[in-house]
Amino acid sequence: VSILLFIITTYFLSERSITKYYALNSGIDLAIFENVFYNTLQGNFLFTSLGPFDAPHSYLADHLNLTMLLFLPAYYFYPDPKTLLIQQSVILFSPLLIFPILFKTKYYFSKLSFLLLYALYLPLYWIGIFDFHPEVLFIPFFFLFYYFYSNENLIGTIIFLLLCLLTKEEISFVFI
């Protein structure tokens, strides 16, 4: 059930966000990150000419968001904004694949209801439909952090804590 929900929700969000992109209704963040990834592939590591400064500058001057580099390999093979939108959809709904491992309950209805609640949670769609945000990586990282923390796995806990913190500087407030 979780795999089927993952496929349906990922396809739906990808299709909706790409439709908005073709209708020229995407937000400025998609343009900024597409520019950052394009420039990085051209040798100007994390540089952009978009954003609060109207001159070429390092994106790291705007935000500390190092995990966004995880989007770069797929963008390298298919350098198109649609690649970023599809990756975002996959990441937003990847917890549907993590939940069956994360929550060990013998009650099928509990697992199913939790999967459905996550799959139908509207803010996930709002994040993905209106723009591109690489900080969505925090969502699966946080669930995996919780998984390793609850299983008292110190190495996994530290790795996913660091990945959570490297997702964006504001994420540290969640842990404070």
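What comes next concerns the included structure. Note on numbering: residues in each chain are counted from 1, in written sequence order. It should be noted that, the model being predicted, local features are given only for residues of pLDDT at least 70 and side-chain atom pairs only at 80 or more, the latter also being counted only at that level, while totals for whole chains, interfaces and linings use all residues. Hydrogens and water are ignored here; the side-chain numbers use all heavy atoms of the structure.

### Some remarks on the pattern of salt bridges
Next up, step 1: What makes a salt bridge here is a side-chain nitrogen of Lys or Arg within 4 Å of a carboxyl oxygen of Asp or Glu, nothing more. Summed over all chains, the structure comprises four salt bridges.
Next up, step 2: With a shortest N-O distance of 3.4 Å, Asp-80 and Lys-82 are connected by a salt bridge. As far as burial versus exposure is concerned, Asp-80 and Lys-82 are alike and both buried.
Next up, step 3: Here the residues in one salt-bridge network are Glu-135, Lys-168 and Glu-170, joined through shared partners. Burial classes: relative accessible area under 20% of the type maximum marks a residue as buried, over 50% as exposed, and values in between as partly exposed (1.4 Å probe, protein chains only).

### Points about a nonpolar patch on the surface
Next up, step 1: Each patch is built from salt-bridge-free residues with over 30% relative accessible area, joining like charges within 9 Å and nonpolar side chains (Val, Leu, Ile, Met, Phe, Trp, Tyr) within 5 Å. Exposure was quantified through the Shrake-Rupley algorithm and a 1.4 Å probe, taking into account, for residues, occlusion by the shown protein chains and nothing else. The grouping of Leu-41, Tyr-76, Phe-77 and Tyr-78 at the surface amounts to a nonpolar patch, some 490 Å² of accessible area in total.
Next up, step 2: Note on placement: Phe-77 falls in helix α3 (residues 72–77). Strands are runs of DSSP state E lasting at least 2 residues, helices are runs of H or I lasting at least 4, and numbering of each runs from the N terminus.

### Brief notes about the packing of aromatic side chains
Next up, step 1: Between 30 and 60 degrees the pair is tilted, below 30 it is stacked and above 60 it is edge-to-face, where a pair is any two Phe, Tyr or Trp rings, Trp via its six-membered ring, whose centres lie within 6.5 Å. Applying the stated criterion across every chain yields a total of 21 aromatic pairs.
Next up, step 2: A connected cluster of aromatic rings, assembled from ring pairs, spans Phe-12, Phe-93, Phe-99, Phe-114, Tyr-118, Tyr-125 and Phe-143.

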